[in-house]
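Close look at the chain arrangement
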Amino acid sequence: MIASKRMKRIITVLALALGIHSSFAQNVEFEKANFKEGKEGLKEARQNIKLGDEQYILGPTRYKTALTFYVKANEFNPNNALLNYKLGDCYLSSSYKLKALDHFKKALDLNPLIFPDLFYKLGRSYHLHMDWANAKKFYNQYKLTLKSSEKEMLAEVDKRLAECDNGIELMKKPVRVFIDNVGKSLNSVYPDYVPVISADEDVMMFTSRRPETTGGGIAEDINEPFEDIYISYRFNEKWTAPKNIGAPINTEDHDATVGLSPDGQTLLVYMGKKKGGGDIYECKLEGEKWSKPERMPKPINSDSHEPSASLSYDGKTIFFVSNRDGGIGDHDIYMSTKDAKGKWDKAVNLGPVINTKYDEDGVFIMADGKTLYFSSQGHNSMGGYDIFKSEFENGRWSTPVNLGYPINTADDDVFFVLSASGKHGYYASVKSDAVGEKDLYMITFLGPEKQLVLNTEDNLLASVVAPVSETVIAPTVALTTAKVTILKGIVMDFGTLAPLEASLELTDNTSNSSVAQFKSNSKSGKYLVSLPSGKNYGLSVKADGYLFHSENFDIPESAAYKEVTLDVKLKKVEVGSTIVLKNIFFDFDKATLRPESTAELERLTKLLNDNPTIKIEISGHTDNKGAAQYNLTLSDNRSKSVVDYLVSKGISADRLTWKGYGLTKPIATNDTDEGRQLNRRTEFKIMSK
């Protein structure tokens, strides 16, 4: 029953809103007098309305079921205001929100007084169609029907009006992207969503509600199959048919993707409970099998709701979403870092620059370790959740930037992930070309409208948000948005080429601190390491019974995205085995060891302590620049400096010899800078065991 005062306000608004309707269509009730012919159809229609109402009164989680009955009744009689209102209401809470508008318009035409919030829901429907003018018109008309004491609803309408204004501005400058359905190879006729990818974009996992869900159960609260996780691999630019990831990750309850580490070896999942709630769990890829998910400890999980999380490239920081007490809004973004003992430290709210009084969700940290993507209902959202970007610079987060239209729309845009190259992003959406109810889509960022003059491949300039007209058909251009190098390959035995499980340690040579530790896969030997620009890195690869292998990567701050494939062949600890110590550095034209050499020298010391019977030769080598005798003396002095360091660390001198070979043993051409750099090296060789 509509209150008389509210009805008077609505009638007044209708009288003033001359641009809406001057006359209304005839509302047809489901009564015998209106259907003298077709009594059987009327009986069936009434029964469908009754069944639909039984679901409708249970709330939005049952609206999808209610729709199946209401649609049948509407086919019999499409001219009933109340039924059209309920159909619009059900569609507005479904994946097919755009279908709501026609039913609300019909309800308005048949009986504008059917419900007090009809104007608001018309505003929402036009809003979702991004018809900003009509959306604002109906929001404002609804606002006139509200009393000054209805502050919460007035604030809600004002927020919607602001979102419309944001949408108008964002659509003036659409970003240069292609948004493509990833196709039937991944998507099904059922909901597919929350994609997560490895940094090199070779692995994708996502959540789906397919009838073959593990255990075959139906979630009672939404009357749909429980969520399961699926996995697909990319070969030759194509995705393989997704497979259910199976036990122990998928259970008879809700199991959903949350985050994937850049190397694809650690998966974060959301495991729900049949009666609601849920936490973040962690599982590891051990060979070809995933470990049983383990609930992440406090302070990450709590008694509250934690629906989203993302791991940093080094695995030492986690960003996650929670609605725990003390937040700025309902769901806020927090972060936690591992202490020296590997335990997660106190959770820290990212603060008011990132979090708003509204909800945040879908957090994702890039492989560069400083670029954060997340979804928010606040900031300058154009409706629902929009995707935003912020960078951590000079100890603070930058003001979030809306990724713009058409990436963001008036509906919820959430759970966005980006490849390390910055070329492709993935998210789920409901669009006209959808295979099912909700599909996975790939966003291709096109970069600036005109290609810039480039100096070298490593100095590409990127721009994700250069504006163009919607009518422009832009060619794909080279685009790099992340300052990170992806190093990947296979660790294997030098002789047999059999894959090896090995430990990989990434060191900041400048500070001699460990940046991150990883493992190659025990079955395939595959590894992937992210190297954010701006540091000199040492990479050490170790396995039991083998000599360690070292690599050096000096990546300037200006270096853009690069992907390097490097297979590592480990040599066994046996007489004659030789390795190059690529993280030994000397002062220019001197034999003085630089501080950046410390981590490598400590690894060599440990190797000698772990193998107390081996004797080695340290050898120094140069390129062909300069006099041969000078190079011979310099290389001899440098190799002696390494031996002196080892002796100072307690290694017996009778286990060590040194020799300088100068330019006599090149391993590469001396005709290029790259070749000469390879020839300037320090090696060690096992002389006896």
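An account of the accompanying structure is given in this report. Since this is a predicted model, take the numbers as computed values, not measurements. (Residues numbered from 1 in each chain as written. Predicted model: local features only at pLDDT ≥ 70, side-chain atom pairs only at ≥ 80, totals over all residues. Heavy atoms only, no water.)

Brief notes about the overall build of the protein chain
- Within the protein chain, the regular secondary structure consists of 11 helices and 37 strands.
- Projected onto the principal axes, the alpha-carbon positions of the protein chain cover approximately 110 × 50 × 45 Å.
- Counting the 689 residues in the protein chain, one finds 53% classified as buried.
- In the protein chain, of all internal contacts separated by at least 6 residues, the share reaching a separation of at least 24 is 58%. (Helix = DSSP H or I, 4+ residues; strand = E, 2+ residues; numbered from the N terminus. Buried < 20%, exposed > 50% of the residue type's maximum accessible area, 1.4 Å probe, protein only. Contact = heavy atoms within 4.5 Å.)

Observations concerning the pairing of strand 36 (residues 656–662)
- Pairing geometry for strand 35 (residues 615–621) and strand 36, over six bridges, is parallel. In the strand pairing of strand 36, Ile 616 is matched with Leu 656. (Pairing = 2+ DSSP bridges.)

Considerations on the sheet that holds strand 16 (residues 332–337)
- Strand order across the open sheet formed by four strands is 14-15-16-17, with antiparallel pairing between neighbours. Only two strands of the sheet have a single partner each, and these edge strands are strand 14 (308–311) and strand 17 (348–349).
- Pairing analysis gives two bridges linking strand 16 to strand 17, with the strands arranged antiparallel. For Met 335, the partnering residue across the bridge sits in strand 17 and is Val 348.

What to know about the pattern of salt bridges
- Counted according to the given criterion, the structure contains 37 salt bridges.
- Among the ionic pairs, Arg 160 bridges to Glu 163, the shortest N-O distance being 3.1 Å. Of this pair, Arg 160 and Glu 163 are both found in helix 8 (residues 151–171), three residues apart, which corresponds to roughly one turn of the helix.
- Ionic pairing is found between Arg 324 and Glu 306, a salt bridge with its closest N-O pair at 3.3 Å. Here Arg 324, found in the loop between strand 15 (317–322) and strand 16, pairs with Glu 306, found in the loop between strand 13 (294–295) and strand 14; they are 18 residues apart in sequence, far enough to count as distant.
- A residue is classified by how much of its surface remains accessible, and Glu 306, at 0% relative accessible area, is buried.
- When salt bridges with common partners are traced through the structure, they connect Asp 200, Glu 201, Asp 202, Arg 234, Glu 237, Lys 488 and Glu 563 into a single cluster. (Salt bridge = Lys/Arg side-chain N within 4 Å of Asp/Glu carboxyl O.)

A word on the nonpolar core
- Of all hydrophobic cores here, the largest spans 46 residues; its most connected members are Leu 118 and Leu 122.
- Among the secondary structure elements, those contributing two or more residues to this core are helix 2 (39–56), helix 3 (63–76), helix 4 (81–92), helix 5 (100–110), helix 6 (118–128), helix 7 (132–144) and helix 8.
- At seven residues, helix 4 tops the list of elements feeding residues into this core.
- In this structure Leu 122 touches Leu 101, Phe 104, Lys 105, Leu 108 and Phe 138, once residues within four positions along its chain are discounted.
- Core analysis: the next-biggest nonpolar cluster, separate from the first, contains 28 residues, Tyr 193, Met 366, Tyr 373 and Ile 443 among them. (Core = buried A, V, L, I, M, F, W, Y, C linked by side-chain atoms within 4.5 Å.)

Side note on the packing of aromatic side chains
- Scanning the entire structure with this criterion turns up 18 aromatic pairs.
- For the ring pair Phe 374 and Phe 388, a centre distance of 6.0 Å and an interplane angle of 25 degrees mean the geometry is stacked. Remark: Phe 388 occurs in strand 20 (residues 386–393) and Phe 374 occurs in strand 19 (residues 371–376); sequence separation between them is 14 residues.
- The exposure class of Phe 374 is buried, given its relative accessible area of 0%. (Phe/Tyr/Trp six-rings, centres within 6.5 Å; stacked < 30°, edge-to-face > 60°.)

Points about unusual backbone geometry
- Following Lys 298, the chain continues to Pro 299 via a peptide bond in cis, the omega torsion being 15 degrees.
- Take Pro 299: it is sitting in the loop between strand 13 and strand 14.
- The peptide bond linking Tyr 405 to Pro 406 adopts the cis configuration, its omega dihedral lying at 10 degrees.
- With respect to the element layout, Pro 406 can be found in the loop between strand 22 (401–402) and strand 23 (417–418).

Quick notes on the sheet that holds strand 24 (residues 424–429)
- Read from one edge to the other, the open sheet built from four strands follows the order 1-25-24-23, with strand pairing classed as antiparallel. The open sheet is flanked by strand 1 (177–181) and strand 23, the only strands paired with a single partner.
- Bridge analysis of strand 23 against strand 24 gives two bridges, and the strand direction is antiparallel. Directly across from Leu 418, in strand 24, lies its bridge partner Gly 425.

Digging into the environment of Ile 197
- Mapped onto the elements, Ile 197 comes out in strand 2 (residues 192–197).
- Judged by its relative accessible area of 4%, Ile 197 is buried.
- Sequence separation between Ile 197 and Met 442 is 245 residues, and the spatial gap between their C-alpha atoms is 12 Å.
- In contact with Ile 197, other than residues within four places in its own chain, are Val 203, Met 204, Leu 260, Val 417, Leu 418, Ser 419 and Tyr 426.

Comments concerning the side chain of Ser 232
- Summarising the element assignment, Ser 232 is placed in strand 6 (residues 228–235).
- The exposure class assigned to Ser 232 is buried, which follows from its relative accessible area of 0%.
- A distance of 2.6 Å separates the side chain of Ser 232 from the backbone oxygen of Thr 240, its partner in a polar contact.
- Sequence-distant contacts of Ser 232, that is, excluding residues within four places in its chain, are made with Leu 186, Asp 202, Val 203, Met 204, Trp 239, Thr 240 and Pro 242. (Polar contact = N/O pair within 3.5 Å; in protein donor to acceptor, adjacent residues only side chain to side chain.)

Structural notes on the packing of helix 2 against helix 3
- Helix 3 packs onto helix 2 with a crossing angle of 160 degrees between their chain directions and a minimal axis gap of 8 Å. When the axis of helix 2 is compared with that of helix 3, the two are roughly antiparallel. Here helix 2 runs over helix 3; the crossing is left-handed. Residues Gly 41, Leu 42, Ala 45, Asn 48, Ile 49, Leu 51, Gly 52, Asp 53, Gln 55 and Tyr 56 of helix 2 form the contact with helix 3, whose participating residues are Tyr 63, Thr 65, Ala 66, Phe 69, Tyr 70, Lys 72, Ala 73 and Phe 76.
- A class-by-class count of the residues in the contact of helix 2 with helix 3 yields 11 nonpolar, five polar and two charged. (Axes fitted to C-alpha atoms, helices over the stretch in contact; angles between N-to-C directions. Parallel < 35°, antiparallel > 145°, perpendicular 65-115°, else oblique. Left-handed = near helix turned anticlockwise from the far one by under 90°. Nonpolar A, V, L, I, M, F, W, Y, C, P; charged D, E, K, R; others polar.)

Overview of helix 3
- In this model helix 3 runs 20 Å from its N-terminal to its C-terminal C-alpha over 14 residues, within 8% of the 20 Å that 1.5 Å per residue would give.
- Buried within helix 3 we find Tyr 63, Thr 65, Ala 66, Leu 67, Phe 69, Tyr 70, Ala 73 and Asn 74. (Expected span 1.5 Å × (residues − 1).)

Details of the side chain of Thr 266
- Counting through the fold element by element, Thr 266 comes out in strand 10 (residues 266–272).
- The class for Thr 266 is buried, based on a relative accessible area of 8%.
- Once residues within four sequence positions are removed from consideration, Thr 266 is found in contact with Gly 259, Leu 260, Ser 261, Glu 282, Cys 283, Lys 284, Trp 290 and Leu 311.

Remarks on the environment of Asn 77
- If you trace the backbone, Asn 77 turns up in the loop between helix 3 and helix 4.
- Asn 77 sits in the buried class, given a relative accessible area of 3%.
- Ignoring sequence-local partners within four residues, the contact set of Asn 77 consists of Val 28, Glu 29, Phe 30, Phe 35 and Leu 83.
- Within the structure, the side chain of Asn 77 is placed 3.0 Å from the backbone oxygen of Val 28, a separation counted as a polar contact.
- Side-chain polar atoms of Asn 77 contact the backbone nitrogen of Asn 79, separated by 3.1 Å.

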